[in-house]
Amino acid sequence: QVQLVESGGGLVQAGDSLRLSCAASGRTIRPYSMGWLRQTPGKEREFVAGINWDNSTYYADSAKGRFTISRNNAANTVYLQMNILKPEDTAVYYCALSRTFVATMTRDYKLWGQGTQVTVSS
């Protein structure tokens, strides 16, 4: 069973950058798609960015041009570099694993981390 642990969240100002990390343990993430999703209170969890086993990436419109997802299979870790952060990026960010190629739907993801809070002040 794979376990996912996110880190790197925090409180930043608008325009700042943050790098989230997701460390996996238990088995290799190499054959899986990995994604970052986020959730704010009262709203459904939404897809942010995903990376396939072949390192191809895909993003929500809100993340395009500002966020970059990457993976290091040797380190069993996935990253989300977030630049030019905006107050509307404030959310709990979750790392998740999927067996689906190009997993853009929340229901595509079957294994989740506990989340890390990102707060962007204006």
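Please refer to the structure higher up on the page.
Here the structure is a predicted model, which means the values were calculated and not measured.

What counts, and at which threshold
- Residues numbered from 1 in each chain as written.
- Predicted model: local features only at pLDDT ≥ 70, side-chain atom pairs only at ≥ 80, totals over all residues.
- Heavy atoms only, no water.
- Helix = DSSP H or I, 4+ residues; strand = E, 2+ residues; numbered from the N terminus.
- Buried < 20%, exposed > 50% of the residue type's maximum accessible area, 1.4 Å probe, protein only.
- Phe/Tyr/Trp six-rings, centres within 6.5 Å; stacked < 30°, edge-to-face > 60°.
- Lys NZ or Arg CZ within 6 Å of the ring centre and 35° of its normal.
- Pairing = 2+ DSSP bridges.
- Core = buried A, V, L, I, M, F, W, Y, C linked by side-chain atoms within 4.5 Å.
- Contact = heavy atoms within 4.5 Å.

Caption draft 1: Focus on unusual backbone geometry. Not every positive phi belongs to a glycine, and Asn55 is a case in point at roughly 75°. Of note, Asn55 is situated in the loop between β5 (46–51) and β6 (57–59). Residue classification places Asn55 among the partly exposed positions, given a relative accessible area of 46%. In this structure, Ile84 takes a positive phi of about 50° despite not being glycine.

Caption draft 2: Representation of the packing of aromatic side chains in the model. Taken as a whole and assessed by the stated rule, the structure comprises three aromatic pairs. Note on Tyr94 and Trp112: the rings are 6.2 Å apart at their centroids and 85° apart in plane angle, and the pair reads as edge-to-face. Remark: Trp112 occurs in strand β10 (residues 109–112) and Tyr94 occurs in strand β9 (residues 91–98); sequence separation between them is 18 residues. Taking relative accessible area as the criterion, Tyr94 reaches 12% and is therefore assigned buried. In textbook terms, an aromatic cluster arises when at least three aromatic residues are bridged by ring pairs, as seen for Tyr94, Tyr109 and Trp112. Sitting over the face of the ring of Tyr79, Arg19 holds its NZ or CZ atom 4.0 Å from the ring centroid. Lying over the aromatic face of Trp112, Arg45 brings its terminal NZ or CZ to 4.5 Å of the ring centre.

Caption draft 3: Seen up close, the pairing of strand β8 (residues 77–82). In terms of burial, β8 is a largely internal element, five of the six residues being buried. Sheet topology places strand β3 (residues 18–25) next to β8; six bridges connect them, and they run antiparallel. Its bridge partner lying in β8, Ser21 is registered against Tyr79. When strand β7 (residues 67–72) meets β8, the two strands line up antiparallel, connected through six bridges. By the bridge assignment, Asn72 is partnered in β8 with Thr77.

Caption draft 4: Molecular detail of the nonpolar core. Ranked by size, the top nonpolar core spans 28 residues in total, and within it Leu4, Trp36, Leu80, Met82 and Tyr93 carry the most contacts. Elements with a contribution of two residues or more to this core: β3, β4 (33–39), β5, β7, β8, β9 and β11 (116–121). Beyond its immediate sequence surroundings of up to four residues, Tyr93 is in contact with Glu6, Leu20, Trp36, Leu37, Arg38, Val48, Phe67, Leu80, Met82, Gly115, Thr116 and Val118. Residues Leu37, Tyr58, Ala60 and Tyr109 belong to the second largest nonpolar core, which totals seven residues.

Caption draft 5: Layout of the environment of Phe47. By the element assignment, Phe47 lies in strand β5. Of the residues examined, Phe47 reaches a relative accessible area of 10% and is grouped as buried. Taking the C-alpha atoms as reference points, Phe47 and Ser21, separated by 26 residues in sequence, lie 16 Å from one another. Residues in contact with Phe47, not counting those within four places in the same chain, are Trp36, Leu37, Tyr58, Tyr59, Ala60, Ala103, Thr104 and Tyr109.

In short, the description is geometric, and any link to function would need to be established separately.
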